[in-house]
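Here is what each chain is made of, one letter per residue.
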Amino acid sequence: MAHQRSGSTLEGVKEPHSVSLKVLRLSRPSISIQHPLPTPAPSPPSTSGFPKASASHAYPTSEPDSFILSPLLTLPPAFGSAYVGETFSCTLCANNELLPGSTTAKSISNVRIEAEMKIPSSTEPITLSFGSEDADEEEVKEDKGVDLEPGESLQKVVSFSLKEEGSHVLAVTVTYTETTPMSGKVRTFRKLYQFVCKGCMVVRTKTGILPATSSSEGRRWALEAQLENTGEETITLDTVVLEAREGIRSQGVNWSLFKEAEKVERPILMPGDVQQVIFIVEEVIDENGEGAKEVDGRIGFGILSLGWRGPMGNRGALSTGGLGAKV
């Protein structure tokens, strides 16, 4: 799981801990790729030394299949990349390293896991909450300690929405009570995991003035946006919406104009691809004949919200800063 930094022990005891910590990122699998062998033409008799084309498949089959994607799924071999707009999820597992049936008289109880995320824009870490979906809010809030028998483990799942680029640090603290026939003590250790969050989408915008349709209507602009996939995976754009502020009305001139009955494929962006979208922005004139308010010689339109899906359906979302035009 990313790069583990040397954690600082919060106690001076040199004795090895009876509880270990494993942190694994939760990622969706990918479809396995196969490279089928070409079938010789004409096909040789079965008694020849040529292997069957199906022998190159990653799964057992008797029929040849020249399609490059197999029905098997492949787990990520490494941590992978983390992108702005995605949800970072991982599982935290505290394991009781005492072997079942061992003669040791130690017992492990009151095991607790705490997690924090350090982001580039803040000096204070963000406390992460976790718990199963079926757990009550009071149970999650109390976060009662768990007693672990030898060989048992305590697992927690934590999620965090990535909103900025740069180095992130996941800090995990494990606290437990170690009891022997002679004494009992509370022990704590902490581990740090660092990873870098990169940008997946780059948005470039440009505005142009349009002629008004009538003298009674407000000003009009054309807002163009170029969306570039700077990530390493192919993505499918789900939504591109201009969330207009008060006094502004917008209409997208994109694939969303088509009716539901008309099947239109959503834009698919491979790494490095660029998709251009455009919005018609209009100033709304109220009953008093006033339009949108200007601030420092500029009219604000609103923010551009993007939504996309990865190859296996994982979602991503991103919102820009305030967009507008000079007047």
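Below you will find a few notes about this structure. (Residues numbered from 1 in each chain as written. Predicted model: local features only at pLDDT ≥ 70, side-chain atom pairs only at ≥ 80, totals over all residues. Heavy atoms only, no water.)

For the protein, the helix and strand inventory stands at one helix and 21 strands. In the protein, the share of contacts with a sequence separation of at least 24, taken over all contacts with a separation of at least 6, comes to 75%. (Helix = DSSP H or I, 4+ residues; strand = E, 2+ residues; numbered from the N terminus. Contact = heavy atoms within 4.5 Å.)

Bringing the side chain of Thr-177 into the picture now. As for its position among the elements, Thr-177 is in strand β11 (residues 166-179). Given the relative accessible area of 16%, Thr-177 is considered buried. When near neighbours in sequence (up to four residues on either side) are disregarded, Thr-177 contacts Ser-107, Ile-108, Ser-109, Asn-110, Lys-185 and Val-186. (Buried < 20%, exposed > 50% of the residue type's maximum accessible area, 1.4 Å probe, protein only.)

Take the environment of Pro-125 next. Residue position: Pro-125 is located in the loop between β7 (107-118) and β8 (126-128). When the C-alpha positions of Pro-125 and Ala-171 are compared, they lie 8.8 Å apart, and in sequence the two are 46 residues distant. Beyond its immediate stretch of four places on either side in the chain, Pro-125 contacts Glu-116, Met-117 and Lys-118.

Quick look at the sheet that holds strand β6 (residues 87-96) now. Within a sheet, adjacent strands bond to each other through the backbone by hydrogen bonds, running parallel or antiparallel. The three strands are arranged β2-β6-β10 in an open sheet whose pairing can be described as antiparallel. Edge positions in the open sheet fall to β2 (19-25) and β10 (153-161), since each of these has one partner strand only. Each strand axis lies, on average, 20° off the axis of its neighbour in the sheet, ignoring direction. With nine bridges joining them, β6 and β10 adopt antiparallel strand pairing. Bridge pairing in β10 places Ser-89 opposite Ser-159. (Pairing = 2+ DSSP bridges. Axes fitted to C-alpha atoms, helices over the stretch in contact; angles between N-to-C directions.)

Across the sheet, four strands lie side by side as β13-β14-β18-β16; this open sheet has antiparallel pairing. Across the chains shown, the open sheet's two edge strands, defined by having one partner strand only, are β13 (201-210) and β16 (248-252). Here the average twist between neighbouring strands, direction ignored, is 25°. By the bridge criterion, five bridges tie β16 to strand β18 (residues 274-283) in an arrangement that is antiparallel. Each bridged residue has a counterpart across the sheet, and for Ser-250 the counterpart in β18 is Val-281.

Within the largest apolar cluster, 32 residues are counted, with the highest numbers of intra-cluster contacts made by Leu-92, Leu-170 and Val-174. If one sorts the elements of this core by residue count, β7 sits on top with five residues. With residues near it in sequence (within four places) discarded, Leu-92 still touches Lys-22, Val-23, Ile-113, Ala-115, Phe-130, Leu-154, Gln-155, Lys-156, Val-158 and Val-172. In this structure, Leu-227, Leu-242, Ile-248 and Val-281 belong to the second largest nonpolar core, which totals 24 residues. (Core = buried A, V, L, I, M, F, W, Y, C linked by side-chain atoms within 4.5 Å.)

Right, let's get into the packing of aromatic side chains. All chains considered together, the criterion is met by four aromatic pairs. Look at Phe-79 and Phe-88: their rings are 6.2 Å apart centre to centre, the planes differ by 45°, and that puts the pair in the tilted class. Seen in terms of ring centroids, Trp-221 and Phe-301 are 5.2 Å apart; in terms of plane orientation they differ by 50°. Their pairing is tilted. One end of the pair, Trp-221, is in strand β14 (residues 220-229); the other, Phe-301, is in strand β19 (residues 298-309), with 80 residues separating them in the sequence. Judged by its relative accessible area of 3%, Trp-221 is buried. Every member of this aromatic cluster is reached through a ring pair, and the members are Phe-79, Phe-88 and Phe-195. Sitting above the plane of the Phe-79 ring, Arg-25 keeps its charged end 4.8 Å from the centroid. (Phe/Tyr/Trp six-rings, centres within 6.5 Å; stacked < 30°, edge-to-face > 60°. Lys NZ or Arg CZ within 6 Å of the ring centre and 35° of its normal.)

This part is about unusual backbone geometry. Despite not being glycine, Asn-110 has its phi angle at roughly 55°, a positive value. Note that Asn-110 resides in strand β7. Taking relative accessible area as the criterion, Asn-110 reaches 28% and is therefore assigned partly exposed. Positive phi outside glycine occurs at Asp-296, with the angle close to 55°. Taking the relative accessible area as the measure of exposure, Asp-296 reaches 80% and is therefore exposed.

A separate point is the pairing of β14. Burial analysis of β14 places eight of its 10 residues in the buried class, the great majority of the element. As paired strands, β13 and β14 are joined by 10 bridges and run antiparallel to one another. Bridged to Thr-207 within β14 is Leu-223. Strand direction decides the pairing type here: β14 and β18, joined by nine bridges, are antiparallel. Bridging across to β18, Trp-221 finds its partner in Val-281.

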